[in-house]
Amino acid sequence: MTSTLSYEDLLAAITVDEGREILDPATGEPVGIAPDRTVEDLDAAVARAAAAQPGWAATPDTERCDRLLRAADAVEAAGEQLAVLLSREQGKPLNGPNARFEVGACAAWLRATAATPYPREVLIDDDETHAELTYRPLGVVGAIGPWNWPMMITIWQIAPALRMGNTVVVKPSEYTPLSVLALVRVLTAVLPDDVLTVVPGGREVGSRLAGHADIAKVMFTGSTRTGQSIIRDSADTIKRLTLELGGNDAGIVLPDVDPEAIAENLFWGAFINTGQTCAALKRLYVHTDVYDRVCAALVDVARAAPQGRGLDENNVLGPLQNGAQYEIVRRLVDSATASGATVLLGANPDHDAPGWFYPTTLIADIDNDNPLVTEEQFGPALPIVRYSTVDEAVAMANGLDVGLGASVWSSDRAAAREVAARLEAGTVWINAHGGVHPMIPFGGLKKSGYGLEFGVEGLKSVAAPQVING
Ligand code: NAD
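Predicted model, so just to flag it, every value in this text is computed and none were measured.

Student: How should I be thinking about empty space enclosed by the protein in this particular structure?
Tutor: Left-over empty space is what a probe sized like a water molecule reveals as it rolls over the atoms. Per the counting criterion, the structure on display carries seven cavities of 30 Å³ or more. For the largest cavity, the calculated volume is near 110 Å³. Around the largest cavity, the lining is made up of 13 residues, and of these Trp-109, Thr-113, Pro-160, Phe-454 and Gly-455 lie nearest the centre. When residues in the lining of the largest cavity are grouped by element, the largest group, four residues, is from helix α6 (residues 150-163). Considered class by class, the residues forming the lining of the largest cavity number nine nonpolar, four polar and no charged. Computed from the structure, the second largest cavity encloses a volume of approximately 80 Å³. If you list the elements that add at least two residues to the lining of the second largest cavity, you get β10 (249-253), β15 (402-403) and β16 (405-409).

Structural data, given as structure tokens:
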């Protein structure tokens, strides 16, 4: 068992004197300086990963699983240090479904990935033919991640890739490199050399990874625009891609709901991680019969959710992670208020206060074509649109070119499932929104991307299918 570093020692192990300065989004205070690597550094990391890959692929699956289990133990042992760093760099509070929850999910996903049945299918087994579909390692997998759930999404990308015998090179977001550096530092203590490497750097490093001849596959989570760029950069090498891109998830509340009973789940579906979640509820469609009561119940729940600095144990909502995201939220809420929509709660941020805090905002009586509805806000502002018929609600929900998640809210499960089947989204939840599970595949439709993560489907997606016939 490796000894666990203190927060200060962990930070000292991953920071440098000159590089990218990371500021706490709640206070503006420095957190640490992350290395800022070049494309040449990336090339060197890929070469080392390629050299290590045959040995890792030859390691029995049981031993690779054992390493993933030990990695989960190591993450748990360093859990508090990782959570504090994540909170300081990303902004999310320690408590609520935030930093400690994210670190816990990393350990849970490592264990679940080790426990997932190895994919292998007997296709035909009779007197004439024995055909099996097996899955070979791909080689070196590149993992490019965003800043909203930096540790958890990195684990989602690397755990299945390692399990299937690939080595991995990670390019974290330039906004949250320290979180990923610290996580990888903890993981590599229990992995063979060069099986897992992290190269913090800017978008040019990501672009090089996408086009690199010795990278077999890119796992990407981030914006649709960057996903399109990765498709272009990877074309020459015919690279495999899993693209988990932006979303603008709709929720449809049917007229038979009990508004007070669903309000808590509705709120967290939209405001988890202060709204900075790909599969958060971003547009809420509520039947006119229950519209006012749903709005009132949401306001009550929202008022009771404290927002502030992440290290304060009391808070469950934090700041936006960066100024660019703050500006997006501000612009979209301003467009809603300028249109005459009703501010039920929030808006009007205090521009003079330190940190990128945008208040929890609920906007009612808003048109479906308002930018706060049609664009991804990725922050703590929920538009609530009134509808009269289910057909109208389904048409509005399906009216955008993204389709990550969606939800239907009803006391009648059969009725909800009927509406769910009509929605163009990779996952439709009923009476909940955004929950993911390591054994349930997750992925988007339309411009939310393609490919599945998690479960057996997730393992297959980081392997090369091969038929053995005979
Ligand atoms: P982003 O696309 O700006 O950045 C993501 C990563 O891509 C970063 O590491 C960045 O450095 C890198 N990158 C930028 N340009 C690149 C290029 N040309 N080639 C290769 N890499 C490049 O996304 P973000 O702002 O960090 O994340 C927010 C977005 O991510 C939102 O749209 C959100 O919905 C989406 N997201 C999706 C999921 C999902 O599972 N579908 C999960 C989380 C976030």
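Additional details are given in the paragraphs that follow.
Student: Mind showing me how you'd approach unusual backbone geometry here?
Tutor: It is generally the case that most residues other than glycine have a negative phi and that most peptide bonds are trans. Phi angles above zero are rare outside glycine, and Asn-273 is one such case at about 60°. Given the relative accessible area of 1%, Asn-273 is considered buried. Within the chain, Phe-454 stands out as a residue other than glycine whose phi angle is a positive 80°. Looking at where Phe-454 falls in the secondary structure, it is placed in the loop between β18 (445-446) and α16 (455-460).

Student: Which parts of the structure should I look at to understand α6?
Tutor: In an α-helix, one turn spans 3.6 residues; hence positions three or four apart end up facing the same way. Over its 14 residues, α6 extends 20 Å from the first C-alpha to the last, a length consistent with the 20 Å expected when each residue adds 1.5 Å. The element α6 is largely enclosed, with a buried count of 14 among its 14 residues. Following α6 by one or two positions, Gly-165 has its phi on the positive side, about 90°.

Student: Please explain the layout of surface pockets as it appears in this structure.
Tutor: There is about 1,300 Å³ of room inside the largest pocket. Lining the largest pocket are 41 residues, with Gly-222, Ser-223, Thr-224, Arg-225 and Thr-226 positioned closest to its centre. Elements represented by at least two residues in the lining of the largest pocket include exactly α8 (203-211), β8 (217-221), α9 (224-233) and α12 (323-338). The biggest single contributor to the lining of the largest pocket is α9, with seven residues. Tallied by class, the residues present in the lining of the largest pocket amount to 13 nonpolar, 18 polar and ten charged. In this structure, the lining of the largest pocket is formed jointly by two domains, domain 1 (7-245 + 448-469) and domain 2 (249-430), each of which donates at least three residues. Taken as a whole, the second largest pocket holds about 360 Å³ of empty space. Taken together, 21 residues make up the lining of the second largest pocket; nearest its centre are Phe-101, Ile-272, Gly-434, Gly-435 and Val-436. Taken together, the elements giving at least two residues each to the lining of the second largest pocket come down to α5 (99-115), α6 and α10 (259-271). Among the elements that take part in the lining of the second largest pocket, α5 stands out by supplying four residues, more than any other.

Student: In this structure, what is going on with the site of the ligand? I would like to understand it.
Tutor: Taken together, 29 residues sit near the ligand, with Lys-171, Glu-174, Ser-223, Thr-226 and Glu-376 positioned nearest. The separation between a nitrogen atom of the ligand and a polar main-chain atom of Ser-207 is 3.4 Å. One nitrogen or oxygen atom from the main chain of Leu-245 is found 2.8 Å from a nitrogen atom belonging to the ligand. Here the ligand, which alone exposes 860 Å², has 92% of that area covered by the protein. The pocket occupied by the ligand, as judged from atoms lying within 2 Å of grid points, is the largest pocket. Class assignment for the residues of the shell around the ligand results in twelve nonpolar, twelve polar and five charged. Mapped onto the domain boundaries, the shell around the ligand takes at least three residues apiece from domain 1 (7-245 + 448-469) and domain 2 (249-430).

Student: Help me understand the sheet that holds strand β12 (residues 342-345), please; the structure alone is not making it clear to me.
Tutor: Paired through backbone hydrogen bonds, the strands of a sheet run either parallel or antiparallel to each other. In space, the seven strands of this open sheet follow the order β12-β13-β14-β11-β10-β16-β17, with mixed pairing throughout. Edge positions in the open sheet fall to β12 and β17 (427-430), since each of these has one partner strand only. This sheet shows a mean twist of 25° between the axes of neighbouring strands, independent of strand direction. Where strand β13 (residues 361-364) lies against strand β14 (residues 381-387), three bridges are found, and the strand directions are parallel. Looking at the pairing, Thr-361 lines up with Ala-381 of β14.

Student: How should the side chain of Ser-234 be read in this particular structure?
Tutor: Position of Ser-234 among the secondary structure elements: in the loop between α9 and β9 (240-244). Among all residues touching Ser-234, those that are not within four sequence positions of it are Ala-210, Lys-239 and Leu-241.

Student: Explain the state of the cysteines here, please?
Tutor: Disulfides are covalent bonds that link the sulfur atoms of two cysteine residues. With the rule as written, the count across this model stands at zero disulfides. For the unlinked cysteine Cys-65, the closest cysteine sulfur is that of Cys-106, found at 18 Å. Judged by its relative accessible area of 9%, Cys-65 falls in the buried class. Here Cys-106 stays free of any disulfide, with the sulfur of Cys-278 as its closest cysteine sulfur at 15 Å. Residue Cys-106 is classed as buried on the basis of its relative accessible area of 0%.

Student: Looking at this structure, how should I read the environment of Met-152?
Tutor: As for its position among the elements, Met-152 is in helix α6. Filtering out sequence-adjacent residues up to four positions away, Met-152 remains in contact with Glu-102, Ala-105 and Cys-106.

Student: Just to check I follow, could you spell out the environment of Gly-308 for this structure?
Tutor: Mapping Gly-308 onto the fold places it in the loop between α11 (291-303) and α12. A relative accessible area of 11% means that Gly-308 is categorised as buried. Between the C-alpha atoms of Gly-308 and Glu-18, which are 290 residues apart in sequence, the distance is 30 Å. The contacts of Gly-308, once residues within four sequence positions are left out, are Asn-315, Leu-317, Gly-318, Pro-319 and Phe-357.

Rules of the game
Residues numbered from 1 in each chain as written. Predicted model: local features only at pLDDT ≥ 70, side-chain atom pairs only at ≥ 80, totals over all residues. Heavy atoms only, no water. 1 Å grid on protein atoms, 1.4 Å probe; cavity = no way out; pocket = protein on both sides within 12 Å on 5 of 7 lines; lining within 4 Å. Points joined across faces, edges and corners; volume = space filled by probe spheres on them. Helix = DSSP H or I, 4+ residues; strand = E, 2+ residues; numbered from the N terminus. Nonpolar A, V, L, I, M, F, W, Y, C, P; charged D, E, K, R; others polar. Buried < 20%, exposed > 50% of the residue type's maximum accessible area, 1.4 Å probe, protein only. Expected span 1.5 Å × (residues − 1). Domains from an automatic or database assignment. Near = heavy atom within 4 Å. Polar contact = N/O pair within 3.5 Å; in protein donor to acceptor, adjacent residues only side chain to side chain. Areas by Shrake-Rupley, 256 points an atom, 1.4 Å probe, with all protein chains shown as cover. Sits in = over half its atoms within 2 Å of the grid points. Pairing = 2+ DSSP bridges. Axes fitted to C-alpha atoms, helices over the stretch in contact; angles between N-to-C directions. Contact = heavy atoms within 4.5 Å. Disulfide = S-S within 2.5 Å.

Such coordinate-based values are descriptive only and should not be taken to indicate function.
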